[in-house]
Amino acid sequence: MHWRSHISGLAFSFVFIVSYFTNKFVLSVLKFTYPTLFQGWQTFVGAVLLLLSGKLGWVEMNRIPRSAALTWLPGSFLFVGNIYAGSRALSRIDIPFFFTLQNSSHVVSYSIARAFLREKTQWLKIASIFLLLLSAVNLPLHDPQFDHNSYLWALCHLFCVGAYRVFQVHKSTNLSDIEQQCINYLLSVLLLGLAAHPTGDITGALEFPSLQSRTFHCGCCASALLGFFLLLATARLKRAPSLEHFRVWVFLSKVTAMLLSPLVFNMDFNSASLLCVIVSHIGEALLLYSDRESPP
């Protein structure tokens, strides 16, 4: 059983890294910066494959009651904001910097939990939250390729991620993670499809230079399939006895992706921005440790 959990973790890590690299390639190298279409395509394929897998019995997914689906809708709206803003930000921000900003979503989760749920907090967790916030605030000041709009989208992304995390933990529903994601996918397809024309993404995509490129087609297909495989790998890894096991693998996957990204993509960084990245992930490691040590 122990070695099976490691295999599940390694599989998750591999799909996580390749998925992020594929998305970064399409967004930054090919410069397909039309998120309503890119994310709409990914969620459409994900929804079709998920419904098909449920029909064939490959994944455990029950019939979703209408009341449960309506109760989950706020989380789905946050999910749409997460993927749309994340796509905008990732297209112009390097992966290590993107993860550093994304880590500060824990500040949002902590603030919501303190303000509305009155949760008590250990001093170690407060210290880790401080490090995450400190690194995220200082990173824009030292990023050699700072782009104002991209950082605004990153701010929207981390807010949606942080709020979604709290909603998912504290919203009492009988929906499994797979069922929640199915609702997320379906709402994403609807909202992003409706927004594709008003945002000008359809017009821009028709003029996209690499529209007929085989590389572009392969990248889009790979990104959609990898997103679905990442969902399955996540669901499998979460079957571990504790959620900390899953979070540790996410942390290791992010660190590995950051170490490999300079070998795959052109990056411009300096010692100050690198220090922000290091401090942020020290803060995340402390957060993992503080949650592990906290009483149930």
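Residues numbered from 1 in each chain as written. Predicted model: local features only at pLDDT ≥ 70, side-chain atom pairs only at ≥ 80, totals over all residues. Heavy atoms only, no water.

### Observations regarding helix α7 (residues 148-170)
A rise of 1.5 Å per residue sets the reference length of α7, with its 23 residues, at 33 Å; its end C-alpha atoms lie 34 Å apart and thus fit the reference within 8%. Every buried residue of α7 is accounted for by S150, Y151, A154, H157, L158, C160, V161, G162, A163, Y164, V166 and F167. (Helix = DSSP H or I, 4+ residues; strand = E, 2+ residues; numbered from the N terminus. Expected span 1.5 Å × (residues − 1). Buried < 20%, exposed > 50% of the residue type's maximum accessible area, 1.4 Å probe, protein only.)

### Section: the confidence of the model for the protein chain
For the protein chain, mean pLDDT is 91; residues scoring 70 or higher make up 95% of the total. At the level of individual helices and strands, the protein chain shows its lowest average pLDDT in helix α5 (residues 105-116), which scores 89, and its highest in helix α4 (residues 95-103), which scores 97. (pLDDT = per-residue confidence, 0-100.)

### Some words on the pattern of salt bridges
Taken as a whole and assessed by the stated rule, the structure comprises three salt bridges. As a salt-bridge pair, K238 and D177 come within 3.4 Å of each other at their nearest N and O atoms. With K238 in the loop between α10 (214-237) and α11 (243-264) and D177 in helix α8 (residues 177-195), this pair connects stretches of sequence that are 61 residues apart. Its relative accessible area of 28% is what places K238 among the partly exposed residues. Under the relative-accessibility criterion, D177 is labelled partly exposed at 33%. (Salt bridge = Lys/Arg side-chain N within 4 Å of Asp/Glu carboxyl O.)

### Points about the state of the cysteines
Such a bond, covalent and formed between the sulfur atoms of two cysteines, is termed a disulfide. The final tally for this structure, using the stated rule, is zero disulfides. For the unlinked cysteine C156, the closest cysteine sulfur is that of C160, found at 6.8 Å. Residue C156 is classed as partly exposed on the basis of its relative accessible area, which comes to 37%. (Disulfide = S-S within 2.5 Å.)

### Concerning the side chain of T36
Along the polypeptide, T36 turns up in helix α2 (residues 35-56). Under the relative-accessibility criterion, T36 is labelled buried at 3%. In contact with T36, not counting residues within four places along its chain, are Y84, L192, A195, A196, T199 and D201. (Contact = heavy atoms within 4.5 Å.)

### What about the packing of aromatic side chains?
With the rule as written, the count across this model stands at 20 aromatic pairs. Centre to centre, the rings of W72 and Y164 are 5.9 Å apart; their planes meet at 80°, and the pair counts as edge-to-face. Note that W72 is positioned in helix α3 (residues 66-90) and Y164 in helix α7, a separation of 92 residues in sequence. Take W72 and Y164: they sit in the same class, and that class is buried. Among the aromatic residues, ring-to-ring pairing joins F12, F16, Y20, F98, F99 and F246 into one connected group. The ring of F246 carries the charged tip of K238 above its face, separated from the ring centre by 5.1 Å. The positively charged end of K254 is found above the aromatic ring belonging to F99, 5.7 Å away from the centroid. (Phe/Tyr/Trp six-rings, centres within 6.5 Å; stacked < 30°, edge-to-face > 60°. Lys NZ or Arg CZ within 6 Å of the ring centre and 35° of its normal.)

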